[in-house]
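Next come the chains, spelled out residue by residue.
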Amino acid sequence: MRRSVLEGYTSLGFLAGQTQRIALAAAVTGVTYRYPGVLAKIVTTLDVLSGGRSVLGIGAAWYEREHVALGVPYLSVATRFEMLEETLQICRQMWSDDNGPYRASTTNLPRRCACPRPFSGRGRRS
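Residues numbered from 1 in each chain as written. Predicted model: local features only at pLDDT ≥ 70, side-chain atom pairs only at ≥ 80, totals over all residues. Heavy atoms only, no water.

S.K.: I'd love a proper account of the overall build of the protein, names of residues and values included.
M.R.: Check the secondary structure of the protein and you find four helices and four strands. Along the protein, helices and strands appear, N-terminal first, in the series α-β-α-β-α-α-β-β. Compactness check: the protein gives a C-alpha radius of gyration of 15 Å against a globular reference of 14 Å for 126 residues, within 12% of the reference. Each principal axis of the C-alpha distribution contributes one length, and for the protein these read about 40 × 40 × 15 Å. Across the 126 residues of the protein, 34% fall into the buried class. Counting only contacts in the protein whose residues sit at least 6 apart along the sequence, the fraction spanning at least 24 positions is 59%. In the form shown here, the protein has an accessible surface area of approximately 8200 Å², with 57% of it arising from carbon and sulfur atoms. (Helix = DSSP H or I, 4+ residues; strand = E, 2+ residues; numbered from the N terminus. Rg over C-alpha atoms; globule rule 2.2 N^0.38 Å. Buried < 20%, exposed > 50% of the residue type's maximum accessible area, 1.4 Å probe, protein only. Contact = heavy atoms within 4.5 Å. Areas by Shrake-Rupley, 256 points an atom, 1.4 Å probe, with all protein chains shown as cover.)

S.K.: Pulling in residues and values, what's your account of the packing of aromatic side chains?
M.R.: Within this structure, the stated rule accounts for one aromatic pair. Ring geometry for W62 versus Y63: centroids 4.9 Å apart, planes at 40°, classification tilted. Looking at Y63, the relative accessible area reads 33%, which means it is partly exposed. (Phe/Tyr/Trp six-rings, centres within 6.5 Å; stacked < 30°, edge-to-face > 60°.)

S.K.: Any details on the confidence of the model for the protein? Residues and values, ideally.
M.R.: When the pLDDT values of the protein are averaged, the result is 88; 90% of them are 70 or greater. Element-level pLDDT for the protein is lowest in strand 4 (residues 108-109), with a mean of 84, against a maximum mean of 97 in strand 2 (residues 58-59). Per-residue pLDDT stays below 50 along residues 121-126; that stretch engages in 11 contacts with residues further than four places along the chain or on separate chains. (pLDDT = per-residue confidence, 0-100.)

S.K.: Describe unusual backbone geometry, with residues and values.
M.R.: Unusually for a residue other than glycine, A61 sits at a positive phi of about 70°. Summarising the element assignment, A61 is placed in the loop between strand 2 and helix 3 (64-70). Its relative accessible area of 11% is what places A61 among the buried residues.

S.K.: Tell me about the packing of helix 2 (residues 36-49) against helix 4 (residues 77-94), and name the residues and values.
M.R.: Closest axis-to-axis distance for the helix 2/helix 4 pair is 9 Å, and the angle between their directions is 50°. Compared by their axis directions, helix 2 and helix 4 come out oblique. The hand of the helix 2/helix 4 crossing is right-handed. On the side of helix 2, the interface is formed by P36, G37, L39 and A40, while helix 4 contributes T87, I90, C91 and M94. (Axes fitted to C-alpha atoms, helices over the stretch in contact; angles between N-to-C directions. Parallel < 35°, antiparallel > 145°, perpendicular 65-115°, else oblique. Left-handed = near helix turned anticlockwise from the far one by under 90°.)

S.K.: Just give me the short version of a nonpolar patch on the surface, but keep the residues and values in it.
M.R.: On the surface, F14, L15 and I22 cluster together into a nonpolar patch covering about 280 Å² of accessible area. By the secondary structure assignment, F14 is in helix 1 (residues 8-18). Taking relative accessible area as the criterion, F14 reaches 54% and is therefore assigned exposed. (Patch = residues over 30% accessible without salt bridge, like charges linked within 9 Å, V, L, I, M, F, W, Y side chains within 5 Å. Salt bridge = Lys/Arg side-chain N within 4 Å of Asp/Glu carboxyl O.)

S.K.: Tell me what's going on with the pattern of salt bridges, and back it up with residues and numbers.
M.R.: Inspection of the entire model under this criterion finds one salt bridge. E7 is the partner of R34 in a salt bridge, and the nearest nitrogen-oxygen pair spans 2.2 Å. Here R34, found in the loop between strand 1 (29-30) and helix 2, pairs with E7, found in the segment before helix 1; they are 27 residues apart in sequence, far enough to count as distant.

This is the structure:
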């Protein structure tokens, strides 16, 4: 039996518009599928539009077959864990008051650009 799997954040955006109370999260977002700043912006947008209901579940990605099928490079375990650490650092910085640059081995950002901050970063989450 073939199973269809929808793209997670598109699906969560739809659910945000159809519900009012459920938390919105992808079980695990593999860091290899989106640039760190883009992922932070996606989660921020979902959080703001849903009134503070988004939750970021994140991991180093593991499913080689999916990477190949989508044309996403399947990197070494060490590289994926390095990307995970950098993505977490970038999200923390983008969701803070620190507007400064971020520089690391795989990512360089000249300044934070995830304005507005997510509700959870502003202490408004219920």
